[in-house]
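Commentary on secondary and tertiary structure
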Amino acid sequence: MNSTIKDRVFDVVSVRESFPILSKKVNGKTLVYLDSGATAQKPQTVIDAVDNYYRNQNANIHRGVHTLSQDVTVAYENARATIQNYLNAKYPHEIIFTSGTTESINLVASSLGKKFVQAGDEIIISAMEHHSNILPWQVVCEEKGAVLKVIPISEKGEILLEEYKKLLSSKTKMVAITHISNTLGTINPVKQIVELAHEKGIPVLIDGAQAVPHQKVDVQGLDADFYCFSGHKLFGPTGVGILYGKEKWLNELPPYKVGGGTIKTVTFEKTVYADLPLKFEAGTPHIAGGIGLAAAIDYVNSIGLENIKEYEKELLHYATEKLSAISGLKIIGNAKEKASVISFVIEGLHPLDIGTILDKLGIAVRTGHHCTQPLMEFYCIPGTVRASFAFYNTKEEIDLLIAGIEKAVKMLK
Amino acid sequence: MTIEETEKEITEEFELFGDEWEGKYEHLIDLGRSLPMIDVTYKTDDKLIKGCQSKVWLHSEMKDGKVIFTADSDAIITKGIVALMIRVLSNHTPDEIINAQLGFIDKVGLKEHLSPTRANGLVSMIKQMKMDSLAYKTKNI
Ligand SMILES: Cc1ncc(COP(=O)(O)O)c(C=O)c1O
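First, a word on scope: everything that follows refers to the structure included in this document.

Scoring rules and cut-offs
Residues numbered from 1 in each chain as written. Chains lettered and ligands numbered in written order. Predicted model: local features only at pLDDT ≥ 70, side-chain atom pairs only at ≥ 80, totals over all residues. Heavy atoms only, no water. Contact = heavy atoms within 4.5 Å. Buried area = accessible area lost by both parts, 1.4 Å probe. Salt bridge = Lys/Arg side-chain N within 4 Å of Asp/Glu carboxyl O. Polar contact = N/O pair within 3.5 Å; in protein donor to acceptor, adjacent residues only side chain to side chain. Helix = DSSP H or I, 4+ residues; strand = E, 2+ residues; numbered from the N terminus. Axes fitted to C-alpha atoms, helices over the stretch in contact; angles between N-to-C directions. Parallel < 35°, antiparallel > 145°, perpendicular 65-115°, else oblique. Left-handed = near helix turned anticlockwise from the far one by under 90°. Nonpolar A, V, L, I, M, F, W, Y, C, P; charged D, E, K, R; others polar. Patch = residues over 30% accessible without salt bridge, like charges linked within 9 Å, V, L, I, M, F, W, Y side chains within 5 Å. Areas by Shrake-Rupley, 256 points an atom, 1.4 Å probe, with all protein chains shown as cover.

1. Here we look at the interface of chain A and chain B
Of the residues lining the interface, 15 residues belong to chain A; the matching set on chain B comes to 18 residues. By the criterion of area lost to chain B, the three top residues of chain A are Leu352, Lys360 and Met411 of chain A, representing 40% of everything that side buries. If you look at where chain A meets chain B, you find 1 salt bridge. Inspection of the region where chain A meets chain B yields 6 residue pairs in polar contact (both at pLDDT 80 or more). Elements represented by at least two residues in the side of chain A that touches chain B include exactly α13 (351-360), β16 (366-368) and α15 (395-412) of chain A. The element contributing the most residues to the side of chain A that touches chain B is α13 of chain A, with 6 residues.

Encoded structure:
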(Lines give C-alpha, C1' and ligand atoms only; values in the text may rest on other atoms or scores of the structure.)
Protein backbone atom coordinates (compact mmCIF):
# COMPACT_ATOMS: atom_id res chain seq x y z
CA MET A 1 0.00 0.00 0.00
CA ASN A 2 1.43 3.35 -0.93
CA SER A 3 -1.42 5.44 0.39
CA THR A 4 -0.31 8.66 2.01
CA ILE A 5 -0.95 9.44 5.63
CA LYS A 6 -3.75 11.75 4.61
CA ASP A 7 -5.43 8.96 2.69
CA ARG A 8 -5.48 6.97 5.89
CA VAL A 9 -6.73 9.73 8.15
CA PHE A 10 -9.23 10.41 5.46
CA ASP A 11 -10.58 7.12 4.20
CA VAL A 12 -11.80 8.08 0.76
CA VAL A 13 -12.85 4.53 -0.08
CA SER A 14 -15.39 4.40 2.71
CA VAL A 15 -16.39 8.00 1.99
CA ARG A 16 -17.18 7.02 -1.58
CA GLU A 17 -19.29 4.12 -0.38
CA SER A 18 -21.63 6.60 1.33
CA PHE A 19 -22.48 8.18 -2.04
CA PRO A 20 -24.63 5.72 -4.02
CA ILE A 21 -24.35 7.58 -7.33
CA LEU A 22 -20.57 7.28 -7.41
CA SER A 23 -20.74 3.60 -8.31
CA LYS A 24 -23.05 4.28 -11.22
CA LYS A 25 -22.03 3.56 -14.82
CA VAL A 26 -22.28 6.35 -17.40
CA ASN A 27 -21.84 5.50 -21.07
CA GLY A 28 -20.66 2.08 -19.93
CA LYS A 29 -17.91 3.58 -17.76
CA THR A 30 -17.75 4.10 -14.02
CA LEU A 31 -18.78 7.68 -13.37
CA VAL A 32 -15.95 10.13 -12.73
CA TYR A 33 -17.82 13.05 -11.27
CA LEU A 34 -15.80 16.25 -11.46
CA ASP A 35 -18.67 18.71 -11.45
CA SER A 36 -19.36 19.20 -7.76
CA GLY A 37 -19.09 22.96 -8.28
CA ALA A 38 -22.34 22.75 -10.24
CA THR A 39 -23.99 20.46 -7.75
CA ALA A 40 -22.55 18.01 -5.25
CA GLN A 41 -23.58 14.38 -4.88
CA LYS A 42 -25.61 13.24 -1.90
CA PRO A 43 -24.56 10.80 0.81
CA GLN A 44 -26.94 8.04 1.86
CA THR A 45 -27.72 9.83 5.14
CA VAL A 46 -29.15 12.80 3.23
CA ILE A 47 -31.19 10.55 0.97
CA ASP A 48 -32.44 8.71 4.08
CA ALA A 49 -33.34 11.93 5.88
CA VAL A 50 -35.45 13.11 2.96
CA ASP A 51 -37.01 9.67 2.55
CA ASN A 52 -37.74 9.46 6.26
CA TYR A 53 -39.35 12.88 6.26
CA TYR A 54 -41.91 11.86 3.65
CA ARG A 55 -42.44 8.40 5.13
CA ASN A 56 -42.64 9.24 8.81
CA GLN A 57 -42.65 12.96 9.53
CA ASN A 58 -44.64 14.75 6.84
CA ALA A 59 -46.84 17.53 8.20
CA ASN A 60 -46.87 21.29 7.82
CA ILE A 61 -44.73 23.25 10.23
CA HIS A 62 -45.53 26.16 12.50
CA ARG A 63 -49.20 25.48 11.94
CA GLY A 64 -50.83 22.45 13.53
CA VAL A 65 -51.44 21.50 17.12
CA HIS A 66 -51.28 17.84 16.20
CA THR A 67 -48.30 15.75 17.16
CA LEU A 68 -46.86 15.24 13.70
CA SER A 69 -46.85 18.94 13.01
CA GLN A 70 -45.25 19.71 16.33
CA ASP A 71 -42.59 17.04 15.88
CA VAL A 72 -41.65 18.16 12.42
CA THR A 73 -41.56 21.79 13.52
CA VAL A 74 -39.00 20.74 16.10
CA ALA A 75 -37.03 18.84 13.45
CA TYR A 76 -37.09 21.86 11.11
CA GLU A 77 -36.01 24.24 13.85
CA ASN A 78 -33.27 21.80 14.85
CA ALA A 79 -32.11 21.94 11.24
CA ARG A 80 -31.95 25.73 11.53
CA ALA A 81 -29.82 25.36 14.64
CA THR A 82 -27.50 22.95 12.83
CA ILE A 83 -26.98 25.53 10.10
CA GLN A 84 -26.53 28.27 12.69
CA ASN A 85 -23.71 26.25 14.24
CA TYR A 86 -22.17 25.44 10.87
CA LEU A 87 -21.84 29.16 10.10
CA ASN A 88 -21.25 30.14 13.71
CA ALA A 89 -24.14 32.61 13.59
CA LYS A 90 -25.10 34.28 16.86
CA TYR A 91 -28.82 33.45 16.76
CA PRO A 92 -30.91 30.79 15.02
CA HIS A 93 -33.29 33.49 13.73
CA GLU A 94 -30.44 34.94 11.70
CA ILE A 95 -30.73 31.84 9.50
CA ILE A 96 -33.40 32.25 6.81
CA PHE A 97 -34.41 29.30 4.66
CA THR A 98 -34.62 30.19 0.98
CA SER A 99 -34.62 28.16 -2.23
CA GLY A 100 -30.92 28.73 -2.87
CA THR A 101 -28.12 31.25 -3.23
CA THR A 102 -29.91 32.96 -6.09
CA GLU A 103 -33.01 33.59 -4.04
CA SER A 104 -31.00 34.67 -1.01
CA ILE A 105 -29.23 37.34 -3.04
CA ASN A 106 -32.47 38.43 -4.71
CA LEU A 107 -34.05 38.78 -1.28
CA VAL A 108 -31.35 41.10 0.03
CA ALA A 109 -31.04 43.08 -3.21
CA SER A 110 -34.77 43.61 -3.47
CA SER A 111 -35.41 44.44 0.19
CA LEU A 112 -32.34 46.61 0.57
CA GLY A 113 -33.12 48.31 -2.74
CA LYS A 114 -36.66 49.13 -1.65
CA LYS A 115 -35.63 50.82 1.56
CA PHE A 116 -32.07 52.06 1.24
CA VAL A 117 -31.05 52.63 -2.38
CA GLN A 118 -31.65 55.92 -4.15
CA ALA A 119 -30.68 57.55 -7.42
CA GLY A 120 -26.95 58.18 -7.59
CA ASP A 121 -26.11 55.53 -4.97
CA GLU A 122 -23.59 52.83 -5.78
CA ILE A 123 -23.37 49.09 -5.33
CA ILE A 124 -20.04 47.31 -5.60
CA ILE A 125 -19.54 43.82 -6.97
CA SER A 126 -16.45 42.17 -8.47
CA ALA A 127 -15.46 41.11 -11.97
CA MET A 128 -15.63 37.43 -11.00
CA GLU A 129 -19.23 37.27 -9.83
CA HIS A 130 -21.69 34.57 -10.83
CA HIS A 131 -24.66 35.99 -12.76
CA SER A 132 -26.72 35.35 -9.62
CA ASN A 133 -24.66 37.99 -7.86
CA ILE A 134 -24.79 40.45 -10.75
CA LEU A 135 -28.33 40.48 -12.07
CA PRO A 136 -30.22 41.17 -8.81
CA TRP A 137 -28.02 44.23 -8.24
CA GLN A 138 -28.35 45.34 -11.84
CA VAL A 139 -32.12 45.29 -11.43
CA VAL A 140 -31.94 47.40 -8.26
CA CYS A 141 -29.64 49.86 -10.01
CA GLU A 142 -31.96 50.13 -12.99
CA GLU A 143 -35.02 50.61 -10.81
CA LYS A 144 -33.43 53.19 -8.55
CA GLY A 145 -31.06 54.95 -10.92
CA ALA A 146 -28.12 53.68 -8.91
CA VAL A 147 -24.74 52.68 -10.35
CA LEU A 148 -23.10 49.26 -10.35
CA LYS A 149 -19.35 49.45 -9.71
CA VAL A 150 -17.08 46.53 -10.49
CA ILE A 151 -13.85 45.70 -8.66
CA PRO A 152 -11.31 44.68 -11.31
CA ILE A 153 -9.15 41.57 -11.03
CA SER A 154 -5.62 40.67 -12.03
CA GLU A 155 -4.70 38.27 -14.83
CA LYS A 156 -4.16 35.64 -12.12
CA GLY A 157 -7.74 36.08 -11.03
CA GLU A 158 -7.25 38.00 -7.80
CA ILE A 159 -9.25 40.99 -6.60
CA LEU A 160 -7.30 44.25 -6.88
CA LEU A 161 -7.69 45.48 -3.33
CA GLU A 162 -6.25 48.91 -4.04
CA GLU A 163 -8.88 49.43 -6.74
CA TYR A 164 -11.55 48.20 -4.35
CA LYS A 165 -10.54 50.77 -1.76
CA LYS A 166 -10.88 53.51 -4.35
CA LEU A 167 -14.42 52.42 -5.19
CA LEU A 168 -15.69 52.64 -1.60
CA SER A 169 -17.41 55.94 -0.96
CA SER A 170 -20.23 57.62 0.90
CA LYS A 171 -22.45 56.70 -2.04
CA THR A 172 -21.82 52.95 -1.65
CA LYS A 173 -24.88 51.16 -0.26
CA MET A 174 -23.63 47.57 -0.48
CA VAL A 175 -20.63 45.45 -1.35
CA ALA A 176 -21.62 42.05 -2.75
CA ILE A 177 -18.79 39.64 -3.42
CA THR A 178 -18.19 35.97 -3.90
CA HIS A 179 -16.21 34.11 -1.24
CA ILE A 180 -14.84 31.61 -3.76
CA SER A 181 -15.08 32.03 -7.52
CA ASN A 182 -16.98 29.18 -9.17
CA THR A 183 -14.95 29.63 -12.36
CA LEU A 184 -11.45 30.48 -11.14
CA GLY A 185 -11.41 28.85 -7.72
CA THR A 186 -10.02 32.05 -6.22
CA ILE A 187 -10.58 32.38 -2.49
CA ASN A 188 -11.20 36.06 -1.93
CA PRO A 189 -9.89 37.88 1.16
CA VAL A 190 -13.43 38.45 2.36
CA LYS A 191 -12.49 39.34 5.92
CA GLN A 192 -10.38 42.22 4.68
CA ILE A 193 -13.05 43.22 2.17
CA VAL A 194 -15.61 43.38 4.99
CA GLU A 195 -13.28 45.37 7.24
CA LEU A 196 -12.62 47.96 4.57
CA ALA A 197 -16.34 48.36 3.86
CA HIS A 198 -17.21 48.59 7.55
CA GLU A 199 -14.71 51.40 8.03
CA LYS A 200 -17.13 53.39 5.90
CA GLY A 201 -20.27 51.88 7.44
CA ILE A 202 -21.13 49.85 4.33
CA PRO A 203 -22.73 46.41 4.64
CA VAL A 204 -21.28 43.38 2.85
CA LEU A 205 -23.03 40.39 1.33
CA ILE A 206 -20.90 37.31 0.68
CA ASP A 207 -21.91 34.73 -1.91
CA GLY A 208 -20.70 31.60 -0.18
CA ALA A 209 -22.11 29.05 -2.65
CA GLN A 210 -18.67 27.66 -3.45
CA ALA A 211 -17.13 28.16 -0.02
CA VAL A 212 -19.29 26.23 2.44
CA PRO A 213 -18.54 22.80 0.91
CA HIS A 214 -14.79 23.32 1.21
CA GLN A 215 -13.88 25.22 4.34
CA LYS A 216 -15.04 26.40 7.74
CA VAL A 217 -17.03 29.61 7.49
CA ASP A 218 -17.46 31.76 10.57
CA VAL A 219 -19.85 34.60 9.82
CA GLN A 220 -19.13 36.31 13.13
CA GLY A 221 -15.39 36.01 12.59
CA LEU A 222 -15.80 37.50 9.13
CA ASP A 223 -18.24 40.05 10.49
CA ALA A 224 -20.31 39.48 7.34
CA ASP A 225 -23.66 41.26 7.22
CA PHE A 226 -25.16 38.70 4.84
CA TYR A 227 -23.91 35.28 3.78
CA CYS A 228 -25.65 33.08 1.19
CA PHE A 229 -25.33 29.50 0.07
CA SER A 230 -27.20 26.64 -1.62
CA GLY A 231 -27.97 23.29 -0.01
CA HIS A 232 -27.32 21.31 -3.17
CA LYS A 233 -23.68 22.33 -3.44
CA LEU A 234 -23.18 21.26 0.18
CA PHE A 235 -24.24 17.64 -0.45
CA GLY A 236 -27.83 18.48 0.51
CA PRO A 237 -31.08 18.53 -1.48
CA THR A 238 -31.79 20.92 -4.34
CA GLY A 239 -34.34 23.66 -3.82
CA VAL A 240 -33.16 24.74 -0.39
CA GLY A 241 -30.67 27.43 0.49
CA ILE A 242 -29.70 29.79 3.24
CA LEU A 243 -29.53 33.47 3.85
CA TYR A 244 -27.62 34.42 6.95
CA GLY A 245 -28.22 38.00 7.96
CA LYS A 246 -27.16 39.91 11.02
CA GLU A 247 -30.16 40.38 13.28
CA LYS A 248 -30.00 44.15 13.05
CA TRP A 249 -30.05 44.04 9.25
CA LEU A 250 -32.83 41.49 9.00
CA ASN A 251 -34.92 43.62 11.34
CA GLU A 252 -34.28 46.66 9.16
CA LEU A 253 -35.17 45.06 5.84
CA PRO A 254 -38.78 44.84 4.66
CA PRO A 255 -40.12 41.39 3.72
CA TYR A 256 -39.36 40.12 0.23
CA LYS A 257 -42.20 37.68 -0.33
CA VAL A 258 -45.39 37.98 1.65
CA GLY A 259 -48.17 35.57 2.42
CA GLY A 260 -49.00 32.84 4.91
CA GLY A 261 -46.62 32.39 7.77
CA THR A 262 -45.02 35.83 7.65
CA ILE A 263 -47.48 37.68 9.81
CA LYS A 264 -48.61 38.28 13.33
CA THR A 265 -52.00 39.75 12.44
CA VAL A 266 -53.68 40.53 9.17
CA THR A 267 -56.68 42.75 8.66
CA PHE A 268 -57.51 44.24 5.29
CA GLU A 269 -56.25 47.58 6.58
CA LYS A 270 -52.98 46.62 8.21
CA THR A 271 -50.62 43.71 8.56
CA VAL A 272 -48.16 43.23 11.38
CA TYR A 273 -45.24 41.09 10.31
CA ALA A 274 -43.92 38.21 12.31
CA ASP A 275 -40.60 38.28 14.07
CA LEU A 276 -37.50 36.80 12.51
CA PRO A 277 -37.01 34.43 10.85
CA LEU A 278 -40.65 33.93 9.80
CA LYS A 279 -40.86 37.46 8.41
CA PHE A 280 -38.80 36.23 5.47
CA GLU A 281 -40.29 32.76 5.12
CA ALA A 282 -43.68 33.20 3.49
CA GLY A 283 -45.55 30.07 2.47
CA THR A 284 -44.84 26.44 3.20
CA PRO A 285 -41.09 25.96 2.92
CA HIS A 286 -39.08 23.06 1.52
CA ILE A 287 -39.31 21.14 4.79
CA ALA A 288 -37.67 17.97 3.50
CA GLY A 289 -34.94 20.17 2.03
CA GLY A 290 -34.19 21.87 5.32
CA ILE A 291 -34.05 18.56 7.17
CA GLY A 292 -31.92 17.03 4.39
CA LEU A 293 -29.54 19.98 4.49
CA ALA A 294 -29.02 19.50 8.21
CA ALA A 295 -28.24 15.83 7.54
CA ALA A 296 -25.69 16.93 4.93
CA ILE A 297 -24.03 19.23 7.44
CA ASP A 298 -23.94 16.44 10.03
CA TYR A 299 -22.25 14.28 7.43
CA VAL A 300 -19.66 16.94 6.55
CA ASN A 301 -18.99 17.52 10.24
CA SER A 302 -18.50 13.80 10.79
CA ILE A 303 -15.64 13.94 8.28
CA GLY A 304 -14.41 17.29 9.49
CA LEU A 305 -13.88 20.45 7.45
CA GLU A 306 -10.20 20.55 8.35
CA ASN A 307 -9.67 17.07 6.90
CA ILE A 308 -11.70 18.00 3.85
CA LYS A 309 -9.65 21.11 3.29
CA GLU A 310 -6.36 19.28 3.61
CA TYR A 311 -7.43 16.46 1.34
CA GLU A 312 -8.84 18.76 -1.34
CA LYS A 313 -5.71 20.86 -1.26
CA GLU A 314 -3.77 17.76 -2.14
CA LEU A 315 -6.18 16.95 -4.99
CA LEU A 316 -5.90 20.49 -6.30
CA HIS A 317 -2.14 20.42 -6.16
CA TYR A 318 -1.98 17.06 -7.90
CA ALA A 319 -4.44 18.07 -10.63
CA THR A 320 -2.72 21.41 -11.22
CA GLU A 321 0.63 19.72 -11.66
CA LYS A 322 -0.71 17.05 -14.02
CA LEU A 323 -2.80 19.46 -16.08
CA SER A 324 0.05 21.95 -16.45
CA ALA A 325 2.12 19.22 -18.08
CA ILE A 326 -0.30 18.89 -21.01
CA SER A 327 1.04 20.85 -23.94
CA GLY A 328 -1.11 23.80 -25.02
CA LEU A 329 -3.18 23.65 -21.84
CA LYS A 330 -3.64 26.89 -19.95
CA ILE A 331 -5.17 27.08 -16.50
CA ILE A 332 -7.51 30.04 -16.12
CA GLY A 333 -7.28 31.33 -12.57
CA ASN A 334 -3.95 31.08 -10.80
CA ALA A 335 -4.67 32.83 -7.55
CA LYS A 336 -2.43 32.09 -4.61
CA GLU A 337 -5.41 31.11 -2.47
CA LYS A 338 -7.46 28.64 -4.42
CA ALA A 339 -10.15 26.07 -3.76
CA SER A 340 -10.45 22.76 -5.60
CA VAL A 341 -11.87 24.23 -8.80
CA ILE A 342 -9.77 24.26 -11.98
CA SER A 343 -10.74 25.93 -15.22
CA PHE A 344 -8.64 25.46 -18.30
CA VAL A 345 -8.52 25.96 -22.04
CA ILE A 346 -6.46 24.12 -24.63
CA GLU A 347 -5.01 26.01 -27.54
CA GLY A 348 -6.94 25.44 -30.75
CA LEU A 349 -9.69 23.36 -29.12
CA HIS A 350 -13.20 24.34 -28.15
CA PRO A 351 -14.13 23.55 -24.51
CA LEU A 352 -17.40 22.00 -25.69
CA ASP A 353 -15.55 19.49 -27.88
CA ILE A 354 -13.32 18.48 -24.98
CA GLY A 355 -16.31 18.14 -22.66
CA THR A 356 -18.17 16.02 -25.22
CA ILE A 357 -15.31 13.53 -25.54
CA LEU A 358 -14.80 13.41 -21.76
CA ASP A 359 -18.49 12.66 -21.33
CA LYS A 360 -18.15 9.71 -23.69
CA LEU A 361 -15.46 8.43 -21.34
CA GLY A 362 -17.77 8.76 -18.34
CA ILE A 363 -16.03 11.88 -17.03
CA ALA A 364 -18.39 14.67 -15.99
CA VAL A 365 -16.92 18.16 -16.23
CA ARG A 366 -18.57 21.44 -16.97
CA THR A 367 -17.90 23.50 -20.09
CA GLY A 368 -18.96 26.98 -21.05
CA HIS A 369 -19.03 30.33 -19.32
CA HIS A 370 -20.20 28.97 -15.93
CA CYS A 371 -22.64 31.86 -15.56
CA THR A 372 -19.72 34.27 -15.44
CA GLN A 373 -19.82 35.82 -18.90
CA PRO A 374 -18.11 39.09 -17.93
CA LEU A 375 -15.20 37.02 -16.65
CA MET A 376 -14.94 35.19 -19.98
CA GLU A 377 -14.79 38.56 -21.70
CA PHE A 378 -11.99 39.60 -19.38
CA TYR A 379 -9.94 36.58 -20.41
CA CYS A 380 -11.10 36.83 -24.07
CA ILE A 381 -12.20 33.19 -24.19
CA PRO A 382 -15.53 31.62 -25.21
CA GLY A 383 -15.55 29.43 -22.13
CA THR A 384 -13.48 26.94 -20.21
CA VAL A 385 -13.52 23.31 -19.22
CA ARG A 386 -13.97 23.19 -15.47
CA ALA A 387 -13.15 20.30 -13.19
CA SER A 388 -14.31 20.83 -9.62
CA PHE A 389 -13.40 18.37 -6.90
CA ALA A 390 -15.07 17.32 -3.70
CA PHE A 391 -13.67 15.17 -0.91
CA TYR A 392 -15.07 12.04 -2.55
CA ASN A 393 -12.81 12.46 -5.58
CA THR A 394 -9.49 10.66 -5.85
CA LYS A 395 -6.11 11.00 -7.51
CA GLU A 396 -7.03 7.99 -9.66
CA GLU A 397 -9.95 10.00 -11.02
CA ILE A 398 -7.61 12.87 -11.81
CA ASP A 399 -5.42 10.40 -13.70
CA LEU A 400 -8.51 9.35 -15.67
CA LEU A 401 -9.25 13.00 -16.40
CA ILE A 402 -5.72 13.54 -17.67
CA ALA A 403 -5.88 10.42 -19.86
CA GLY A 404 -9.28 11.59 -21.13
CA ILE A 405 -7.95 15.01 -22.03
CA GLU A 406 -5.01 13.46 -23.83
CA LYS A 407 -7.37 11.28 -25.80
CA ALA A 408 -9.60 14.25 -26.63
CA VAL A 409 -6.61 16.24 -27.82
CA LYS A 410 -5.53 13.38 -30.05
CA MET A 411 -8.99 13.04 -31.57
CA LEU A 412 -9.64 16.75 -31.99
CA LYS A 413 -6.31 18.12 -33.14
CA MET B 1 -31.12 12.44 -53.87
CA THR B 2 -34.16 12.99 -51.68
CA ILE B 3 -33.81 13.96 -48.05
CA GLU B 4 -34.80 10.42 -47.01
CA GLU B 5 -32.19 8.92 -49.30
CA THR B 6 -29.43 11.07 -47.86
CA GLU B 7 -30.61 10.18 -44.36
CA LYS B 8 -30.42 6.50 -45.28
CA GLU B 9 -26.96 6.93 -46.74
CA ILE B 10 -25.70 8.62 -43.56
CA THR B 11 -27.32 5.98 -41.37
CA GLU B 12 -25.50 3.24 -43.29
CA GLU B 13 -22.25 5.15 -43.08
CA PHE B 14 -22.52 5.31 -39.30
CA GLU B 15 -23.65 1.69 -39.00
CA LEU B 16 -20.11 0.66 -39.89
CA PHE B 17 -19.04 1.78 -36.44
CA GLY B 18 -21.60 -0.32 -34.60
CA ASP B 19 -21.98 0.74 -30.98
CA GLU B 20 -18.53 2.12 -30.78
CA TRP B 21 -18.58 5.85 -29.99
CA GLU B 22 -15.00 6.59 -30.89
CA GLY B 23 -15.25 5.77 -34.57
CA LYS B 24 -18.50 7.67 -34.83
CA TYR B 25 -17.00 10.77 -33.29
CA GLU B 26 -13.85 10.53 -35.36
CA HIS B 27 -16.05 10.37 -38.43
CA LEU B 28 -18.03 13.36 -37.20
CA ILE B 29 -14.82 15.29 -36.63
CA ASP B 30 -13.64 14.41 -40.15
CA LEU B 31 -16.94 15.60 -41.57
CA GLY B 32 -16.51 18.83 -39.64
CA ARG B 33 -13.05 19.33 -41.10
CA SER B 34 -14.31 18.76 -44.63
CA LEU B 35 -17.21 21.19 -44.38
CA PRO B 36 -16.60 23.86 -47.03
CA MET B 37 -15.64 27.19 -45.57
CA ILE B 38 -18.41 29.68 -45.20
CA ASP B 39 -17.87 33.03 -46.89
CA VAL B 40 -16.34 35.22 -44.16
CA THR B 41 -18.79 37.97 -44.97
CA TYR B 42 -21.50 35.69 -43.56
CA LYS B 43 -19.69 35.05 -40.29
CA THR B 44 -21.45 37.94 -38.64
CA ASP B 45 -23.39 38.13 -35.41
CA ASP B 46 -26.75 38.31 -37.18
CA LYS B 47 -26.06 34.87 -38.66
CA LEU B 48 -25.34 33.35 -35.26
CA ILE B 49 -27.76 30.75 -33.98
CA LYS B 50 -28.81 31.53 -30.44
CA GLY B 51 -28.65 29.01 -27.66
CA CYS B 52 -25.39 27.29 -28.51
CA GLN B 53 -22.36 26.97 -26.26
CA SER B 54 -20.35 26.85 -29.45
CA LYS B 55 -20.88 29.44 -32.14
CA VAL B 56 -22.82 28.36 -35.21
CA TRP B 57 -23.19 30.68 -38.16
CA LEU B 58 -25.88 29.73 -40.66
CA HIS B 59 -26.44 31.38 -44.00
CA SER B 60 -29.14 30.45 -46.48
CA GLU B 61 -30.04 31.54 -49.97
CA MET B 62 -32.60 30.58 -52.57
CA LYS B 63 -31.41 29.23 -55.92
CA ASP B 64 -33.77 27.84 -58.61
CA GLY B 65 -36.48 27.13 -56.06
CA LYS B 66 -34.10 25.36 -53.67
CA VAL B 67 -32.62 26.49 -50.40
CA ILE B 68 -28.82 26.38 -50.18
CA PHE B 69 -27.30 26.37 -46.71
CA THR B 70 -23.76 27.17 -45.73
CA ALA B 71 -22.59 27.17 -42.13
CA ASP B 72 -19.66 27.10 -39.79
CA SER B 73 -18.91 26.51 -36.11
CA ASP B 74 -16.00 27.22 -33.80
CA ALA B 75 -16.33 23.73 -32.25
CA ILE B 76 -15.32 20.81 -34.42
CA ILE B 77 -17.87 18.22 -33.24
CA THR B 78 -20.62 20.79 -33.66
CA LYS B 79 -19.22 21.49 -37.11
CA GLY B 80 -19.50 17.80 -37.94
CA ILE B 81 -23.14 17.84 -36.93
CA VAL B 82 -23.62 21.01 -38.98
CA ALA B 83 -22.06 19.23 -41.96
CA LEU B 84 -24.55 16.37 -41.62
CA MET B 85 -27.49 18.73 -41.45
CA ILE B 86 -26.33 20.58 -44.54
CA ARG B 87 -25.78 17.36 -46.42
CA VAL B 88 -29.34 16.30 -45.62
CA LEU B 89 -31.22 19.57 -46.02
CA SER B 90 -29.33 21.82 -48.39
CA ASN B 91 -30.38 22.02 -52.02
CA HIS B 92 -34.01 21.05 -51.41
CA THR B 93 -37.27 22.93 -51.80
CA PRO B 94 -38.67 24.77 -48.79
CA ASP B 95 -41.51 22.28 -48.52
CA GLU B 96 -39.17 19.31 -48.46
CA ILE B 97 -37.09 20.93 -45.73
CA ILE B 98 -40.08 21.97 -43.63
CA ASN B 99 -41.50 18.44 -43.77
CA ALA B 100 -38.23 16.59 -43.15
CA GLN B 101 -38.54 14.15 -40.21
CA LEU B 102 -34.80 13.75 -39.65
CA GLY B 103 -35.07 10.31 -38.05
CA PHE B 104 -31.43 9.65 -38.92
CA ILE B 105 -30.22 11.67 -35.93
CA ASP B 106 -31.61 9.00 -33.63
CA LYS B 107 -30.48 6.14 -35.85
CA VAL B 108 -26.85 7.25 -36.03
CA GLY B 109 -26.73 7.58 -32.25
CA LEU B 110 -26.63 11.35 -32.04
CA LYS B 111 -29.98 11.68 -30.33
CA GLU B 112 -28.31 12.93 -27.16
CA HIS B 113 -27.38 16.04 -29.11
CA LEU B 114 -31.07 16.82 -29.43
CA SER B 115 -31.50 17.16 -25.68
CA PRO B 116 -31.96 20.77 -24.65
CA THR B 117 -29.04 20.69 -22.20
CA ARG B 118 -26.55 19.70 -24.87
CA ALA B 119 -26.02 23.33 -25.67
CA ASN B 120 -24.53 22.60 -29.08
CA GLY B 121 -27.69 23.98 -30.55
CA LEU B 122 -28.67 21.17 -32.92
CA VAL B 123 -32.30 21.82 -32.03
CA SER B 124 -31.90 25.55 -32.69
CA MET B 125 -30.02 24.80 -35.88
CA ILE B 126 -32.82 22.63 -37.26
CA LYS B 127 -35.38 25.19 -36.22
CA GLN B 128 -33.49 27.98 -37.97
CA MET B 129 -33.12 25.93 -41.17
CA LYS B 130 -36.85 25.26 -41.21
CA MET B 131 -37.69 28.89 -40.38
CA ASP B 132 -35.52 30.17 -43.22
CA SER B 133 -37.26 27.74 -45.58
CA LEU B 134 -40.65 28.85 -44.37
CA ALA B 135 -39.66 32.46 -44.97
CA TYR B 136 -38.62 31.69 -48.57
CA LYS B 137 -41.85 29.78 -49.09
CA THR B 138 -44.11 32.57 -47.88
CA LYS B 139 -42.17 35.16 -49.86
CA ASN B 140 -42.74 33.21 -53.07
CA ILE B 141 -46.49 32.88 -52.70
C1 LIG C 1 -20.60 31.45 -6.84
C2 LIG C 1 -22.01 31.06 -7.11
N3 LIG C 1 -22.99 31.90 -6.79
C4 LIG C 1 -24.28 31.59 -6.99
C5 LIG C 1 -24.66 30.40 -7.57
C6 LIG C 1 -26.11 30.11 -7.80
O7 LIG C 1 -26.52 29.06 -7.00
P8 LIG C 1 -27.98 28.46 -7.14
O9 LIG C 1 -28.18 28.16 -8.58
O10 LIG C 1 -27.95 27.25 -6.29
O11 LIG C 1 -28.95 29.49 -6.64
C12 LIG C 1 -23.66 29.51 -7.94
C13 LIG C 1 -24.02 28.23 -8.61
O14 LIG C 1 -23.45 27.85 -9.61
C15 LIG C 1 -22.31 29.84 -7.70
O16 LIG C 1 -21.32 29.00 -8.05
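2. Here's the deal with the packing of helix α3 (residues 44-57) of chain A against helix α4 (residues 67-87) of chain A
Residues and elements named next belong to chain A. For the pair α3 and α4, interaxial distance at closest approach is 11 Å and the crossing angle is 160°. The orientation of α3 relative to α4 falls into the category roughly antiparallel. Crossing geometry of α3 relative to α4 is assigned as right-handed. Only Leu68, Val72 and Ala75 of α4 make contact with α3, whose side of the interface consists of Tyr53, Asn56 and Gln57. When its residues are assigned to classes, the contact of α3 with α4 shows 4 nonpolar, 2 polar and no charged.

3. Brief notes about the environment of Trp249 of chain A
All names here are of chain A. Tracing the chain through its elements places Trp249 in helix α10 (residues 247-252). Each C-alpha atom of the pair Trp249 and Phe280 lies 12 Å from the other, and the pair is 31 residues apart in sequence. Not counting residues up to four positions away in its chain, the partners in contact with Trp249 are Leu112, Phe116, Pro203, Asp225 and Phe226.

4. Describing a nonpolar patch on the surface
On the surface, Val258, Ile263, Val266 and Tyr273 of chain A cluster together to form a nonpolar patch covering roughly 330 Å² of accessible area. Within the secondary structure, Tyr273 of chain A sits in strand β12 (residues 271-273).

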